[in-house]
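Structure assessment
The chain contents come next:
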Amino acid sequence: GAVVSQHPSRVICKSGTSVKIECRSLDFQATTMFWYRQFPKQSLMLMATSNEGSKATYEQGVEKDKFLINHASLTLSTLTVTSAHPEDSSFYICSANPNRNNEQFFGPGTRLTVL
Amino acid sequence: DQQVKQNSPSLSVQEGRISILNCDYTNSMFDYFLWYKKYPAEGPTFLISISSIKDKNEDGRFTVFLNKSAKHLSLHIVPSQPGDSAVYFCAASVRQAGTALIFGKGTTLSVSS
């Protein structure tokens, strides 16, 4: 199956700092990647759709200036949480579609803790 | 409004028995459905999918059934094993690649030996 990696797997930062999370498709190219967020005991909530070479599409209620997404290549999308606050603490997961039907493959996730 | 619903937050089953996880959806535009398994602090792992042109898809111990008229699908695991204990998410989308998945809230399956 397709492999998606994320880095870092865990990050702890101070309030007000920015954190960058990388999502890579290791054995396929992905023109589209997705970023999800999961709070404890909640479902995966789609934050944004990352499109290679163009602007990301954000879901309603997700601040695009706070969650900056860059999809500069067919194998890499980055999510930057700017001026992070404790309420941004969550589990962030990316997924990518190797263009076989719509079977998305997920990265292992990044646990962000903002102190 | 939730478009994908998993109304049972948890399910307990004995090893060797059948596990049946249910999922309902409201959006008639959905034509592709997937089941994912997830452990804490890990990303979801794809299990099985089904398109709306089928009513059943089987892969080893996992079978997904789709009832379009009822907007209902279910995942059957037979026989259940302790290693199946995890959170199972139902997801739906339109089949076209590049569209986002809409997830249910998940069902925690516990299989006891």
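Whatever comes next refers back to the structure up there.
Here is a short report on the structure shown in this document. Since this is a predicted model, take the numbers as computed values, not measurements.

Calculation notes
- Residues numbered from 1 in each chain as written.
- Chains lettered and ligands numbered in written order.
- Predicted model: local features only at pLDDT ≥ 70, side-chain atom pairs only at ≥ 80, totals over all residues.
- Heavy atoms only, no water.
- Helix = DSSP H or I, 4+ residues; strand = E, 2+ residues; numbered from the N terminus.
- Rg over C-alpha atoms; globule rule 2.2 N^0.38 Å.
- Buried < 20%, exposed > 50% of the residue type's maximum accessible area, 1.4 Å probe, protein only.
- Core = buried A, V, L, I, M, F, W, Y, C linked by side-chain atoms within 4.5 Å.
- Contact = heavy atoms within 4.5 Å.
- Patch = residues over 30% accessible without salt bridge, like charges linked within 9 Å, V, L, I, M, F, W, Y side chains within 5 Å.
- Areas by Shrake-Rupley, 256 points an atom, 1.4 Å probe, with all protein chains shown as cover.
- Salt bridge = Lys/Arg side-chain N within 4 Å of Asp/Glu carboxyl O.
- Polar contact = N/O pair within 3.5 Å; in protein donor to acceptor, adjacent residues only side chain to side chain.
- Pairing = 2+ DSSP bridges.
- Buried area = accessible area lost by both parts, 1.4 Å probe.
- Nonpolar A, V, L, I, M, F, W, Y, C, P; charged D, E, K, R; others polar.
- Disulfide = S-S within 2.5 Å.

**Some details on the overall build of chain B**
- Within chain B, the regular secondary structure consists of zero helices and 11 strands.
- Shown N-terminal to C-terminal, the secondary structure of chain B runs as helices and strands in the order β-β-β-β-β-β-β-β-β-β-β.
- What you see for chain B is a C-alpha radius of gyration of 13 Å, in line with the 13 Å of a compact globule of 113 residues.
- For chain B, the spread of C-alpha atoms along the three principal axes comes to 40 × 30 × 25 Å.
- With 113 residues in all, chain B has 44% of them scored as buried.

**Overview of the nonpolar core**
- In terms of nonpolar packing, the biggest core is built from 26 residues, with V4, W35, F67, L79, Y92 and L112 of chain A touching the most fellow members.
- Secondary structure elements with two or more residues in this core: β2 (10-13), β3 (19-25), β4 (32-38), β5 (44-51), β7 (67-73), β8 (76-81), β9 (90-96) and β11 (110-114) of chain A.
- Setting aside chain neighbours within four positions, we find L112 of chain A in contact with V11, C13, V19, V81, D88, S89, S90 and Y92 of chain A.
- W35, I50, L75 and V111 of chain B belong to the second-largest nonpolar core, a separate cluster that totals 23 residues.

**Quick notes on a nonpolar patch on the surface**
- A grouping of I18, I20 and V78 of chain B is seen on the molecular surface, where their side chains present a nonpolar patch of about 230 Å² in accessible area.
- Structurally, the position occupied by I18 of chain B is in the loop between β2 (10-14) and β3 (19-25).

**Notes on the environment of S80 of chain B**
Residues and elements named next belong to chain B.
- Examined against the element boundaries, S80 turns out to sit in the loop between β8 (72-77) and β9 (86-93).
- Separated by 30 residues in sequence, S80 and S110 place their C-alpha atoms 9.6 Å apart.
- The contact partners of S80, leaving out residues within four places of it in the chain, are V13, Q14, E15, G16, R17, I18, S19, R61 and V111.
- Of the polar contacts made by the side chain of S80, one reaches the backbone oxygen of R17; its length is 2.8 Å.

**Side note on the pairing of β3 of chain B**
Residue and element names in this part refer to chain B.
- Residues of β3 alternate between two faces, with S19, L21, C23 and Y25 buried on one and I20, N22 and D24 left unburied on the opposite face.
- When strand β1 (residues 4-5) meets β3, the two strands line up antiparallel, connected through two bridges. When the bridges of β3 are listed, K5 appears paired with D24.
- Judged from the six bridges that link them, β3 and β8 form a sheet pairing that is antiparallel. Each bridged residue has a counterpart across the sheet, and for S19 the counterpart in β8 is I77.

**As for the interface of chain A and chain B**
- Taken together, the 20 residues of chain A in the interface contact 23 residues of chain B.
- Overall, the association of chain A and chain B removes approximately 1600 Å² of surface from exposure, summing both partners, and the carbon and sulfur fraction of that is 59%.
- Contact with chain B buries surface across chain A, with N101, N102 and F106 of chain A losing the most and accounting together for 30% of the total.
- The interface formed by chain A and chain B holds zero salt bridges in total.
- Put simply, chain A and chain B have seven residue pairs in polar contact (both at pLDDT 80 or more) between them.
- At the level of elements, β4, β5 and β9 of chain A are the ones that each hand at least two residues to the side of chain A that touches chain B.
- Residues belonging to the side of chain A that touches chain B are distributed by class as follows: eight nonpolar, 11 polar and one charged.

**Comments concerning the state of the cysteines**
Residues and elements named next belong to chain A.
- Using the criterion set out here, one finds two disulfides over all chains in the structure.
- Between the sulfur atoms of C23 and its disulfide mate C94 the distance is 2.0 Å. When the S-S torsion is 80°, as for the bridge of C23 with C94, the disulfide is right-handed. Placement of the pair is C23 in strand β3 and C94 in strand β9, with a sequence separation of 71 residues.
- Its relative accessible area of 0% is what places C23 among the buried residues.
- Residue C94 is classed as buried on the basis of its relative accessible area, which comes to 0%.

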